[in-house]
Amino acid sequence: MVGRSKGSNTSRTAKLSKASKPAKVTPPRSGAGAGVAAHPRRRGAHARRPVPPLRQRFRPRLPSAGRTIAALLFAGLLGGLLLLLNGPWLRVQRIAFAGGQLTSAEQLRTVLEPVRGASLLALDVDAITAELRRLPAVADAGIEPSLLGEVRVTIAEKQPAFVWRTSALQLIGASDGTLMASLPLGSPLAPQLARLPFVDDRRGASWALRSGDHIAAQTMQTALRFVALDPARLGSTTKRLTVRLDDEYGFIVVAVQPTWQAAFGFYGLDPKDDEATVGNRIERQMGALRTLFAQRPEGSVGWVDARNPGKVYFRAKG
């Protein structure tokens, strides 16, 4: 009994000593773990925001009813607009113009005919107006599209200032020298045109003048100056003066009842000929004519060469 008891105590002592032996502690490794152990993370440092669950993030979002209705309405409006622009409705079917007396229908058709069949909603009114203003006689234009398929064009024309006749045409000019319109030779002029200053241009190059061309400023101003002359300033009793222009004598003043012709020459050929120089020369030429008609009866004179006011030649009638 004693020997068994002793063995039991020995075995119990061994178990107790093994249980009370301290556990082995493994020292931390150098690196991230050591850094974490040496420097514990502060509270709140590198904090991450809460992220919704993956299933919730990838779950499809259905639009609200209001958004769906708005999208459908927008798609309907866009489709309707495209249908109006490209469909057979709201197209230019008729073009009407008014106010053009010197602007020919052919000139207007050249600008407006490409508009026929175009969409009224896509009509570029500013571009068409700009094209119409480029026509020689047009000062301004108004365009009024109608939903019934008609485009109304109203023309405002420049004021006619003179009639310039060449060997080919009668040309109506504006105050800026623009030749706005042309009429055949011999065709009667409307009353308002027949009262305008008239210039008979017989120069060889003038036959090529057409509507849209310009008369040189110096030539036009000198011609209109002679047309506006009061015969009394020439010492003449004639009731009417006209102006002719040719390649040999330049400007020629023609008197009617009594009839005579006076050559005044060309102006503006010398770059030094400004308006004052030309004006002084014309005044001297008129003074020479007054002296001639004071010395001889006007009715006996047929031709006067006044190009050089200091030395005037004349030829008697007959």
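Residues numbered from 1 in each chain as written. Predicted model: local features only at pLDDT ≥ 70, side-chain atom pairs only at ≥ 80, totals over all residues. Heavy atoms only, no water.

Moving on, we come to the pattern of salt bridges. Here the structure, examined in full by the defined rule, presents ten salt bridges. One salt bridge in this structure joins R116 and E113, with 3.0 Å as the shortest N-O distance. According to the relative accessible area criterion, R116 is partly exposed, its value standing at 37%. Taking the shortest distance from any N to any O, the salt bridge between K158 and D176 comes out at 4.0 Å. Of this pair, K158 sits in the loop between β3 (150–157) and β4 (160–165) while D176 sits in the loop between β5 (169–174) and β6 (179–184), placing them 18 residues apart in sequence. By relative accessible area, which is 46% here, D176 ends up partly exposed. Within this structure, R165, D200 and R202 form a network of salt bridges that share partners. (Salt bridge = Lys/Arg side-chain N within 4 Å of Asp/Glu carboxyl O. Buried < 20%, exposed > 50% of the residue type's maximum accessible area, 1.4 Å probe, protein only. Helix = DSSP H or I, 4+ residues; strand = E, 2+ residues; numbered from the N terminus.)

Across the five residues of strand β11 (residues 301–305), four count as buried, placing the element largely inside the fold. Where strand β10 (residues 260–265) and β11 come together, three bridges link them in parallel fashion. Each residue of the ladder has a partner; that of A262, found in β11, is V304. With helix α9 (residues 275–295) bridging β10 and its parallel neighbour β11, the resulting β-α-β unit is left-handed. (Pairing = 2+ DSSP bridges. Right-handed = clockwise from strand over helix to strand, strands pointing away.)

Here we come to the packing of helix α5 (residues 105–112) against helix α6 (residues 125–133). For any two helices packed against each other, one specifies the inter-axial angle together with the distance between the axes. Where α5 contacts α6, the axes come no closer than 10 Å and their chain directions differ by 150°. The pairing of α5 with α6 is recorded here as roughly antiparallel in orientation. α5 and α6 meet at a crossing whose hand is right-handed. Taking contact as the criterion, the partners of L108, V111 and L112 in α5 are, on α6, I128, E131 and L132. The residue inventory of the contact of α5 with α6, partitioned by class, reads five nonpolar, no polar and one charged. (Axes fitted to C-alpha atoms, helices over the stretch in contact; angles between N-to-C directions. Parallel < 35°, antiparallel > 145°, perpendicular 65-115°, else oblique. Left-handed = near helix turned anticlockwise from the far one by under 90°. Contact = heavy atoms within 4.5 Å. Nonpolar A, V, L, I, M, F, W, Y, C, P; charged D, E, K, R; others polar.)

In terms of nonpolar packing, the biggest core is built from 33 residues, with W164, F226, W260 and F264 touching the most fellow members. Contributions of two or more residues to this core are made by β4, β5, α8 (217–227), β8 (240–246), β9 (250–256), β10, α9 and β11. It is α9 that provides the largest number of residues to this core, a total of six residues. One finds L108, V111, L112 and I155 within the second-largest nonpolar core, a separate group that totals 17 residues. (Core = buried A, V, L, I, M, F, W, Y, C linked by side-chain atoms within 4.5 Å.)

By the element assignment, E150 lies in strand β3. Discounting chain neighbours no more than four positions away, the residues touching E150 are R94, A96, E144 and P145.

Our focus in this paragraph is α9. Because an α-helix completes one turn every 3.6 residues, residues spaced three or four positions apart along the sequence face the same direction. Given a rise of 1.5 Å per residue, 21 residues ought to cover 30 Å, and the 31 Å separating the end C-alpha atoms of α9 matches this to within 8%. Residues of α9 that are buried: V278, G279, I282, Q285, M286, G287, A288, L289, L292 and F293. (Expected span 1.5 Å × (residues − 1).)

What follows concerns the sheet that holds β3. The strand order β1-β3-β2 describes an open sheet built from three strands, whose pairing is mixed. For this open sheet the edge positions go to β1 (94–98) and β2 (138–145), each flanked by a neighbour on one side alone. Taking each pair of neighbouring strands and ignoring which way they run, the sheet shows an average axis angle of 20°. Against the sheet, α6 contacts β2 and β3, and its axis sits at roughly 150° relative to β2.

Here we come to the confidence of the model for the chain. Taken residue by residue, the chain gives an average pLDDT of 82. The fraction at 70 or more is 75%. Between residues 1–11, whose pLDDT stays under 50, and residues either more than four places distant or in other chains, the model counts zero contacts. Overall, residues 13–21 carries pLDDT values under 50, and its contacts beyond four positions in sequence, including any with other chains, amount to zero contacts. (pLDDT = per-residue confidence, 0-100.)

All right, on to the environment of E275 then. As for its placement among the helices and strands, E275 is situated in helix α9. On a C-alpha basis, the gap between E275 and Q221 in space is 9.6 Å, while along the polypeptide they are 54 residues apart.

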